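Single-letter residue listing:
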Amino acid sequence: MEADLPIYGLACPSVKLKQIEFDTKNCGCTMNTKKPPILLLQGIIIDSRTKAPFQAGLVNVYNVTKGTGTLPDAKGMYELQASPNDQIRISFVGYTTITLLASALPKVITLQEQTEHLDEVVITAKKKTKNYAIAGIGLTALLFMYAIADDEKAKKKKEKT
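A brief structural summary.

Cut-offs used in this document
Along each chain, residues carry numbers from 1 onward, in the same order as the chain's sequence is written. Only residues with pLDDT of 70 or above have their local features reported here, since the model is predicted, and side-chain atom pairs are shown and tallied only from 80 upward, although totals for entire chains, interfaces and linings are computed over all residues. By convention in this description, side-chain values take in all heavy atoms of the structure and omit both hydrogens and water. Helix numbers and strand numbers start at the N terminus; a helix is a DSSP run of H or I with at least 4 residues, a strand a run of E with at least 2. Partly exposed residues are those whose accessible area sits between 20% and 50% of the maximum for their type, while under 20% is buried and over 50% is exposed, using a 1.4 Å probe and protein chains only. What makes two residues a contact is simply this: any of their non-hydrogen atoms within 4.5 Å. The method behind every accessible area is Shrake-Rupley, applied with a 1.4 Å probe, and residues are considered shielded solely by the protein chains displayed. An expected span of 1.5 Å times one less than the residue number is assigned to each helix. Being paired, for any two strands, means DSSP has found at least two bridges between them. Only the contacting stretch of a helix is used when fitting its axis, a line to C-alpha atoms as for every element, and angles between N-to-C directions run 0 to 180 degrees. Salt bridge, as used here: a side-chain nitrogen of Lys or Arg that lies within 4 Å of a carboxyl oxygen of Asp or Glu. Among buried residues, those of type Ala, Val, Leu, Ile, Met, Phe, Trp, Tyr and Cys that are joined through side-chain atoms within 4.5 Å constitute a nonpolar core. In protein, a polar contact requires one atom able to donate a hydrogen and another able to accept it; more generally it is a pair of N or O atoms within 3.5 Å, and residues adjacent in sequence count only if both atoms are side-chain atoms.

## Let's talk about the overall build of the protein
Across its full length, the protein holds one helix and nine strands. The linear arrangement of helices and strands in the protein, starting from the amino end, is β-β-β-β-β-β-β-β-β-α. Buried residues in the protein amount to 19% of all 161 residues. A fraction of 47% describes how many contacts in the protein between residues 6 or more apart in sequence connect residues 24 or more apart. Of the accessible surface of the protein, which amounts to about 13200 Å², a share of 59% is contributed by carbon and sulfur atoms.

## Focus on helix H1 (residues 132-160)
When the terminal C-alpha atoms of H1 are compared, their 42 Å separation across 29 residues agrees well with the 42 Å that a helix rising 1.5 Å per residue should span. Buried residues are scarce in H1, accounting for zero of its 29 residues.

## Examining the sheet that holds strand S4 (residues 60-63)
The four strands lie next to each other as S5-S4-S7-S8, forming an open sheet whose pairing is antiparallel. Each edge of the open sheet carries a strand with a single partner, namely strand S5 (68-70) and strand S8 (98-101). Strand-to-strand twist of the sheet, defined as the mean angle between neighbouring strand axes without regard to direction, takes the value 20 degrees. Taken together, the four bridges between strand S7 (residues 87-91) and S8 define a ladder with antiparallel strand orientation. Following the sheet pairing, Gln-87 is matched in S8 by Leu-101.

## Considerations on the pattern of salt bridges
A complete count under the given rule lists two salt bridges for this structure. The partner of Glu-113 in a salt bridge is Arg-49, and the shortest N-O contact between them spans 3.1 Å. One end of the pair, Glu-113, is in the loop between strand S9 (108-111) and H1; the other, Arg-49, is in the loop between strand S3 (39-47) and S4, with 64 residues separating them in the sequence. The exposure class of Glu-113 is partly exposed, given its relative accessible area of 38%. A relative accessible area of 54% places Arg-49 in the exposed class. In this structure, Asp-86 engages Lys-66 in a salt bridge whose closest nitrogen and oxygen atoms are separated by 3.1 Å. With a gap of 20 residues between them, Asp-86 in the loop between strand S6 (77-82) and S7 and Lys-66 in the loop between S4 and S5 connect regions that are remote in the sequence.

## Re the nonpolar core
Counting 15 residues, the largest nonpolar core has Ile-45, Ile-88 and Ile-90 as its most contacted members. Residue assignment for this core shows that the elements contributing at least two residues are S3, S6, S7 and S9. Looking at this core element by element, the count peaks at three residues for S6. Those residues in contact with Ile-90 that lie beyond four places of it in its chain are Ile-45, Val-59, Asn-60, Val-61, Thr-96, Thr-97, Ile-98, Leu-105, Ile-109 and Leu-111.

## Focus on the side chain of Asn-63
Along the polypeptide, Asn-63 turns up in strand S4. Engagement of the side chain of Asn-63 in a polar contact is seen with the side chain of Asp-86, the distance being 3.1 Å. Not counting residues up to four positions away in its chain, the partners in contact with Asn-63 are Thr-68, Gly-69, Leu-80, Gln-81, Ala-82, Asp-86, Gln-87 and Ile-88.

All we've got here are geometric facts, nothing functional implied.
Structure follows, in structure tokens:
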């Protein structure tokens, strides 16, 4: 939808006089408030290594400009509404993130696997808490179960004899 709205208080460029009252017939001072068209982006996301579509819900298709996003279905197909100048980001853990304009987004998107080798891995320990009460309760329950099982064995032996 396109509409021309007046700009109040500006001089008319064609008349070069100050605009005293709003008069659209004599003044050409208007601004165009044309909204950009909304595109329905549709496509498929494929793994570069396996050449197969990603499974449902794994890849994130996100409109950075509007803050909306979607996930592909079981066949790797996605749908997202965006304006032509919106930034679209496609990402998945372990794969290179792609960011493109909505108008330049291809129908088939292939995500490249991102391999990084670590030089060093640091392992840290968690502080061990000493909770003897829980250990005691667990040990008591274990002994109680053992006593019940032993008592039932004794009953079965008496029944056989």
